[in-house]
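# Chain and residue survey
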There are 4 protein chains.
Amino acid sequence: MIGGGPDAFIGAIHRIAANLDGKYDLVCGAFSSSASKSKEMGLQLGLNPNRVYASYQEMIDQESKLPANERVQVISIVTPNHLHFDPAKQALENGFHVIVDKPITFSLAEALSLKAILKISNKRLLLTHTYTGYPMVKEAKEQIAAGNLGKIRKVYVEYPQGWLSKEITNKQADWRTDPKKSGIAGAMGDIGTHAFNLAEYVSGLTITKLCADINTVVPGRKLDDDGAVLLKFNNGASGVLMASQIAAGEENNVKIRVYGEKGGLQWQQCDANTLLLNYLDQPAQIFRTGTAYVGSYAQENSRTPAGHPEGYLEAFANLYRNFANCILADLNNEKPTKEALDYPGVEEGISGMRFIDTVIASGESEVKWLNIESEHENN
Amino acid sequence: MIGGGPDAFIGAIHRIAANLDGKYDLVCGAFSSSASKSKEMGLQLGLNPNRVYASYQEMIDQESKLPANERVQVISIVTPNHLHFDPAKQALENGFHVIVDKPITFSLAEALSLKAILKISNKRLLLTHTYTGYPMVKEAKEQIAAGNLGKIRKVYVEYPQGWLSKEITNKQADWRTDPKKSGIAGAMGDIGTHAFNLAEYVSGLTITKLCADINTVVPGRKLDDDGAVLLKFNNGASGVLMASQIAAGEENNVKIRVYGEKGGLQWQQCDANTLLLNYLDQPAQIFRTGTAYVGSYAQENSRTPAGHPEGYLEAFANLYRNFANCILADLNNEKPTKEALDYPGVEEGISGMRFIDTVIASGESEVKWLNIESEHENN
Amino acid sequence: MIGGGPDAFIGAIHRIAANLDGKYDLVCGAFSSSASKSKEMGLQLGLNPNRVYASYQEMIDQESKLPANERVQVISIVTPNHLHFDPAKQALENGFHVIVDKPITFSLAEALSLKAILKISNKRLLLTHTYTGYPMVKEAKEQIAAGNLGKIRKVYVEYPQGWLSKEITNKQADWRTDPKKSGIAGAMGDIGTHAFNLAEYVSGLTITKLCADINTVVPGRKLDDDGAVLLKFNNGASGVLMASQIAAGEENNVKIRVYGEKGGLQWQQCDANTLLLNYLDQPAQIFRTGTAYVGSYAQENSRTPAGHPEGYLEAFANLYRNFANCILADLNNEKPTKEALDYPGVEEGISGMRFIDTVIASGESEVKWLNIESEHENN
Amino acid sequence: MIGGGPDAFIGAIHRIAANLDGKYDLVCGAFSSSASKSKEMGLQLGLNPNRVYASYQEMIDQESKLPANERVQVISIVTPNHLHFDPAKQALENGFHVIVDKPITFSLAEALSLKAILKISNKRLLLTHTYTGYPMVKEAKEQIAAGNLGKIRKVYVEYPQGWLSKEITNKQADWRTDPKKSGIAGAMGDIGTHAFNLAEYVSGLTITKLCADINTVVPGRKLDDDGAVLLKFNNGASGVLMASQIAAGEENNVKIRVYGEKGGLQWQQCDANTLLLNYLDQPAQIFRTGTAYVGSYAQENSRTPAGHPEGYLEAFANLYRNFANCILADLNNEKPTKEALDYPGVEEGISGMRFIDTVIASGESEVKWLNIESEHENN
């Protein structure tokens, strides 16, 4: 693990996600840019002190020298955005699989570069868009892919938070509101990308144009803390994306609604084990995690009988587990299952960076619609 | 009553709303443009056949000739939009109070004209923006006006319906999708105006600019059936308005969320007797209709003890009752209570027509933001 | 109307219920045992002063003398329990239909006597068990009757209130906690009978035995304010009935859950327009008021499109409307529709009185199960 | 680990719960009464084959011989009920801490015996009553203990399941419905004890008497699959416990409601991160996991920011983590925190066994109330 020191929120989450299914052992780390803090953290986590490093460069360097059956296999990068690219690059170039928190990099250029490096490396990269790890989000995608809603016409996706309603200073808030660490976007990068990814993942569509209202509400803040975006999809559908960190009193209730010709569906994190399907002329149906009637993606991504709620950590653990299962299949020269392969990677990372660039540009533009440059042009 | 013949949905609703509190007696009507259908309806409603008229002109003409203590006092207009202005004008000019369904008229010009006529008439006009009749909507307004959320920063308002997902032909759908009867807007006029009115009413703010994505999704339809609108308010707050009639499977769950510096609130029609207040650092609170702790507006607009749900008809009846109480106070040379005076009228009607004009123009515009011309410029 | 004076809660509710669909005109009343209060109320309601009476005896006497086409047709009795029987008896014996609030009488003996009187009278009697007027309660009954849940095995019904958590003195609380006015039961009579009636109505079964824990929680109170009852049904199913007026913070969320071999259903007043159907191996379904897919009972008992909530007053009005439709059919020598005939009457009243007698006896008994004497033994 | 072989549900859950916070390493196991199945499971779990044992006797025997710093410290017993006591006894007598699934033993006599053994052993025992591991259940207990509801008057607790609605045969169903493996109780032992424990834990009270309706609904089943129980608490409060495995369509929505003089609270597993507090004359409050305003017990038992749901596995992991923290404190000669000490143990196990004995006896009794013999009489 790179990052995830004593005060880090997401590092602890990654460790739980890795532990949960017993597929990973934490064997080494460079937990902080401070060597002493890194040591302290390693001690606290019960690591072999020889494998707690003062820097990620040292870690990659030293681990590369260990025998193949001893050295770390997967490196998880949980640092602020400006410290994603270089450790990921070095890890891949030295033969390690990479797990990296979203957004994938500081800039689109870095993301495109990482894609090239990944291609050469023959390794795997997991981008932790957690919400797509929820079984009922996977069920939503599967229902739509099966045509159960008919052609998709409308997508509403929202991520309202309230925690940046006031000017606050702590490790979490500081780097997220600092353009040097976070990049050109604040809320749009931190949670807007999650909403964007969720909309594309569930609908199976690509967002091609957008029109954004981007706001910095709290005085003195250097990056956006609120935004709303009109969307156009590649099949002609339209949508709305709302992401705010000044929606006072809101927690993390990510929510998506998708409507097609025959019906609509709704999923929200606060009731994560439920997927609601509405139909034009029939009673709505409630699909639930842990039941026998859901599809294979939902089945493979839950652990408990229906009614025992699984939550955010399990969704996160699903990403880790699916990624591990793919690596294990690779090692055994087997083809990973389609359910295991369903994890976000570099393409989702690039889409997210394009979204960030376009949405921030749109926020400053007087022209209504801006195109999101398509991937194809860049290949 | 003008309109509200055998197949009309909203006419029946108006009659129930009028009946509910026993403040109105239905004494005469011109229920249809067909004289025979009007007669039939009057018969069915048990009216004196002499006071069932073949046309609204005849009704206003004949009723005007009756002695003051016999003739109708309030005329309720529940016709399609293109038949709002003329009967309202004639009613006011002949000394009758007017109740008219929204949108107030076919065009902004008519609305402005009606305002002038109303001013001269010394009569009252009620515009039936039903949702502002809900006690918990009134409580929301009162909470915000009292500053309990701090300065308002963000408003989300939505009105998703699915009933026009397919091409359908019935009396309800026909006129609503016919530009000659409905005006320049479909969904935006029918339900977008409700959402717009709700946002301004609850927030106590004025929407000054907007940027709209307006769609006609169902092939062959002549008016918009879907739209999403970015909003700017006069205090600098921003917002999103979503109104759709192709959100398949949705019923009529109008919903509003407002966020201020200190907290946020949420109300939705499917749980109409509940107002949720979220705070930055305290447990959320659930305010409920029929309790002793809500404000005077909510108190005055409910009839049953907490837990016995009141719904759409009661909200509608609140508009009728408050309007009646104002007229009764006028007759007694008393000042109506502030709670009774809290009904929508011609100003809300004009705002709604401006919204329609601007939102449709924005839908066709390549410029991002369009101003909603302010009322003041027109006075 | 008999009763329903200035401070009465339920009288006002009855008047709204009668008004709502325009099937009743309030033409006369004896609103209070105080002649002056009765006059005052009649004045307030805009009645002809000649038909506002000082006592119910006077009212029935005088109205009987009016010509058939002028006199009142239906007498609604909304007095405390000890004043149900005599006015109902006199009304029936003088040729008036009767509407009476529950419980039907002060004692079982009175109820049985009233049944005999009713039989002779050739009139109709409506007992206002409001909750069976809800469209989704009717849908629940219809689903079970159609066998969609299979054989019924378990019924949970509950009526938690908190309003008597403290010793309070007002008109509502006073008579309900006074054995001379309320009868032998407090909470069990006031709300336990509603729960009992709902359980029998929805399940289509008869409760044959019970075992009760009856409590008077608030010191000094003379009647029960809380109870829980184990139930046995005539088909072998079991159940639980919970009714409390000291469930502090609860409003009026009557709720019923019924489970059969194939699935279960749930309805609760706080979400009155929804009926949830759970199945063993399929997604649950949400049935909603105002949709095209619900049965004829639900269809006939709602007025608004899906998503516009109808509540307690509409449920109450359904009882009034169905009763009126039966009377109108009688007048026209037509057979009332099965949907109109589905209103509670004297049989439900007698069952309720048997429940009260048995449940109070059980509360004092050391024997576990007490039989509810079956109707058949008494005929 | 003892038990938890290939088809076992709860064994896998225990392993995840142990993994989640990285406080346990699985080092040895006797996963099945079949030696080959045990080996297979150990292999699957990546254990050292030398420490995968053919029987629990062998495991305890061999592990005892290992050096102190190598041998297992905590033995988790996840076998059917009839195989709880002996392995627990042997583990304790050989110096291992014990984790055991509920109910603690096959019979009350065994439970009392285990208590004596535990006392001598100077070791710790964790009984996995999972639901008391939820942060909001702990918050509920803390709110009541702080007097925020006033004196407790009423408790409703329920555990409805539907999975035994039909006669089914699988490993889960088989032993649970077999008196030789499960004991004298079916549903009452499997889930009734959870409900019982939850009621005592949250209320802080002791249940002293009960009156039960115990049913075996599915033909041919040998143990109860449904029951409802009237309860009396040591402070005079009353309650109802409902536990059913034939509530068709229900999942695992354990729910508790407690009412005091000043208000009531409600928690249910399907919305596990929410605790609802209702008050007599104020708006209800929604307490949420992961917030700053909840008490120390809730704080210490969650891992993610508010709005990221934690569920059943985290609740289970809380038991494991708190138990580990106590053992670690013991090893360091420190006093465990009060939050860590808040885990269920042998006393809760004995209470549960008393409940089972009494509730089954009551089900067969014609006397209404049976006392639950108090602990004090047995010491």
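Worth saying up front: this structure is predicted, and the values here are computed from it rather than measured.

## Remarks on the confidence of the model for chain A
Counting all residues, the mean pLDDT for chain A is 95, and 98% of those residues have values of 70 or more. Prediction confidence for the complex, expressed as pTM and ipTM, is 0.96 and 0.95 respectively.

## Structural notes on the sheet that holds strand β2 (residues 97–100) of chain C
Backbone hydrogen bonds are what pair the strands of a sheet, in a parallel or an antiparallel way. Residues and elements named next belong to chain C. Reading across the sheet, the 3 strands line up as β1-β2-β3 and stay open at both edges, with parallel pairing between neighbours. Two strands close off the open sheet at either side, each with one partner strand: β1 (74–77) and β3 (125–127). On average, adjacent strands in this sheet sit at an angle of 15° to one another, irrespective of strand direction. As paired elements, β1 and β2 share 4 bridges and run parallel to each other.

## Description of the relation of the copies chain B and chain A
Between chain B and chain A, which share one sequence, the superposing operator has a rotation angle of 180° and an axial displacement of 0.0 Å; the RMSD is 0.0 Å. Classification of the inter-copy transformation places it as that of a two-fold axis. Of every C-alpha in chain B, the one belonging to K368 of chain B sits nearest the axis of rotation, 2.1 Å from it. A shared binding surface is used by both copies, with 100% of the interface residues of chain B retained as interface residues in chain A.

## Some thoughts on the relation of the copies chain B and chain C
Superposing chain B onto chain C requires a rotation of 180° together with a translation of 0.0 Å along the rotation axis, leaving an RMSD of 0.0 Å. Most of the interface of chain B is mirrored in chain C, where 100% of its interface residues again form contacts.

## Some words on the sheet that holds strand β1 (residues 74–77) of chain A
Residue and element names in this part refer to chain A. Spatial strand order, β1-β2-β3: 3 strands in an open sheet with parallel pairing. At either margin of the open sheet sits one strand with a lone partner, and together these are β1 and β3 (125–127). Strand-to-strand twist across the sheet, computed as the mean angle between neighbouring axes with direction ignored, equals 15°. The sheet contact formed by strand β2 (residues 97–100) and β3 spans 3 bridges and is parallel. Each residue of the ladder has a partner; that of I99, found in β3, is L126.

## With respect to the interface of chain B and chain C
Contacts between chain B and chain C engage 26 residues on the former and 26 residues on the latter. Looking at the side of chain B that touches chain C element by element, the count peaks at 5 residues for helix α1 (residues 9–20) of chain B. Residues belonging to the side of chain B that touches chain C are distributed by class as follows: 10 nonpolar, 9 polar and 7 charged.

## Thoughts on the packing of helix α5 (residues 108–121) of chain B against helix α13 (residues 346–364) of chain B
The angle between the axes and the distance between the axes are what describe a pair of packed helices. Residues and elements named next belong to chain B. The interhelical angle for the contact between α5 and α13, taken along N-to-C directions, is 165°, at an axis separation of 9 Å. In this view, α5 runs roughly antiparallel relative to α13, as classed from their interaxial angle. The way α5 lies across α13 gives a crossing that is left-handed. Of the residues in α13, those touching α5 at L108, A111, L112, L114, K115 and L118 are V346, G349, I350, M353, R354 and D357. Taken together, the residues of the contact of α5 with α13 break down into 8 nonpolar, 1 polar and 3 charged.

Thresholds applied
- Residues numbered from 1 in each chain as written.
- Chains lettered and ligands numbered in written order.
- Predicted model: local features only at pLDDT ≥ 70, side-chain atom pairs only at ≥ 80, totals over all residues.
- pLDDT = per-residue confidence, 0-100.
- Pairing = 2+ DSSP bridges.
- Helix = DSSP H or I, 4+ residues; strand = E, 2+ residues; numbered from the N terminus.
- Axes fitted to C-alpha atoms, helices over the stretch in contact; angles between N-to-C directions.
- Least-squares fit on C-alpha atoms with pLDDT ≥ 70 in both.
- Contact = placed C-beta atoms within 7 Å.
- Nonpolar A, V, L, I, M, F, W, Y, C, P; charged D, E, K, R; others polar.
- Parallel < 35°, antiparallel > 145°, perpendicular 65-115°, else oblique.
- Left-handed = near helix turned anticlockwise from the far one by under 90°.

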